[in-house]
Amino acid sequence: MSPLTCIIVDDEPLAVRLLESYVGKTPDLQLTASFTDSITAVNAIKELKPDLLFLDIQMPNIDGMELAHSLSEETRVVFTTAFREYAFESYEVNALDFLLKPIRYNKFLAAVEKARKLYAPRTVAQQPNTVFVRVDGEWRNIVIDSIVYVSGMKDYVLFYLDGEKKPLISHLTMKAVEEMLPSDRFLRVHRSYIIAVDKIAKVDRNDCIYIGDEIIHIPDGYLQAFRQFLSTRTIDKK
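Residues numbered from 1 in each chain as written. Predicted model: local features only at pLDDT ≥ 70, side-chain atom pairs only at ≥ 80, totals over all residues. Heavy atoms only, no water.

Student: Would you explain the environment of L223 in this entry?
Tutor: Its place among the elements puts L223 in helix α7 (residues 220–231). For the pair L223 and G163, spaced 60 residues apart in sequence, the C-alpha to C-alpha distance is 29 Å. Ignoring sequence-local partners within four residues, the contact set of L223 consists of D207 and I218. (Helix = DSSP H or I, 4+ residues; strand = E, 2+ residues; numbered from the N terminus. Contact = heavy atoms within 4.5 Å.)

Below you can see the structure in the form of structure tokens.
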């Protein structure tokens, strides 16, 4: 099963650090981003679409309940709060769990386990070796291993393939492509780029990825997830 992605939103820095430490020691749980400001968090959550959102309720500007009501069903919420009276209200937004502060690791782990069971059916089907993409009115059968990277351009996506000078252009969304490609082999590193991780040539000190003929600078919203991926592939013994 691919790692569950998560975002933490809490206006208390100490609470954020505690949850970050819990995520860090929990297998198959990947932290995408953390926020202490709910307004800043809103757009990032909608763009990154994490599997899990650890969300405080009482916050300035936009409180947790209001934020949760604005989310799509793709992201499941685990509320984290010091106030037990919000427990009933949390069910109105189909919250996955309700963790009362101070949060113990065993309670946190139980919430993650609920999420694992919820998302487990996604991994049952065997992943195909090819995908069909409509190009110029025809269905092209693309070998997944031949994809170097995919870029978005308005309502179209461009598939850059090994051995092909020109990309294949299809009327698709980046979201559709992201869901179509295996998450253990492809990573979204930018609003407009999905890359084959095994095709990366190098990553420079400015967080730029060199892949194919392209240089892609990773924006802040995707940087933490990429660095976490990079740490799983890095040999750096001093």
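So, next bit.
Student: What exactly am I supposed to notice about the side chain of D10 here?
Tutor: Following the sequence through the fold, D10 ends up in the loop between β1 (4–9) and α1 (13–24). At 2.9 Å, the side chain of D10 and the backbone nitrogen of E12 are in polar contact. When neighbours within four sequence positions are excluded, D10 is seen to be in contact with A15, V16, F35, T36, D56, M59, T80 and K101. (Polar contact = N/O pair within 3.5 Å; in protein donor to acceptor, adjacent residues only side chain to side chain.)

Student: Can you help me understand the sheet that holds strand β2 (residues 29–35) in this one?
Tutor: As a general point, the strands of a sheet are linked pairwise by backbone hydrogen bonds and lie either parallel or antiparallel. Pairing in this open sheet of five strands is parallel, and the strands run β2-β1-β3-β4-β5 from one edge to the other. Either end of the sheet is taken by a strand with one partner, and the two such strands are β2 and β5 (97–100). Each strand axis lies, on average, 20° off the axis of its neighbour in the sheet, ignoring direction. Here β1 pairs with β2 via six bridges, running parallel. In the sheet register, I7 faces β2, and the bridge partner there is A33. (Pairing = 2+ DSSP bridges. Axes fitted to C-alpha atoms, helices over the stretch in contact; angles between N-to-C directions.)

Student: Where do I start with α1 in this structure?
Tutor: For the α-helix, the turn length of 3.6 residues means that residues three or four positions removed from each other point alike. Taking 1.5 Å of rise per residue, 12 residues should cover 16 Å, and α1 covers 16 Å from first to last C-alpha, within 8% of that figure. Among all positions of α1, only A15, V16, L19, Y22 and V23 are buried. Buried residues along α1 cover an arc of 120° about the axis, so they all sit on one side. Residues L14 and G24 are exposed on α1 and point more than 90 degrees away from its buried face. Packed against the buried residues of α1 are β1, β2, β3 (52–56), β4 (76–81) and α5 (105–119). (Expected span 1.5 Å × (residues − 1). Buried < 20%, exposed > 50% of the residue type's maximum accessible area, 1.4 Å probe, protein only. Arc of directions from axis to C-beta.)

Student: How do you make sense of unusual backbone geometry when you look at a structure like this?
Tutor: With glycine set apart, most residues show a phi of negative sign, and most peptide bonds adopt trans. Of the consecutive residues K101 and P102, the connecting peptide bond is found in the cis state with omega at -5°. Tracing the backbone shows P102 in the loop between β5 and α5. Non-glycine residue K154 carries a positive phi angle of around 55°. In this fold, K154 is placed in the loop between β8 (147–153) and β9 (156–161).

Student: What am I meant to see in the packing of aromatic side chains here?
Tutor: For any pair of aromatic rings, the description rests on two quantities: the centre-to-centre distance and the angle between the ring planes. A complete count under the given rule lists seven aromatic pairs for this structure. A centroid spacing of 4.9 Å and a plane angle of 25° characterise the contact between F54 and F108, whose relative ring orientation is stacked. Note that F54 is positioned in strand β3 and F108 in helix α5, a separation of 54 residues in sequence. Comparing F54 with F108 shows no difference in burial state: the two are buried. Here F226 and F229 contribute two aromatic rings whose centre-to-centre distance is 5.8 Å and whose plane-to-plane angle is 45°, an arrangement assigned as tilted. Remark: F229 and F226 occur in helix α7; sequence separation between them is three residues, near one turn of the helix. The residues F226 and F229 share a single accessibility class, namely buried. Every member of this aromatic cluster is reached through a ring pair, and the members are Y22, F54, Y105 and F108. The ring of Y105 carries the charged tip of K25 above its face, separated from the ring centre by 4.3 Å. (Phe/Tyr/Trp six-rings, centres within 6.5 Å; stacked < 30°, edge-to-face > 60°. Lys NZ or Arg CZ within 6 Å of the ring centre and 35° of its normal.)

From the geometry alone we can't say anything about function, so treat these as descriptive.
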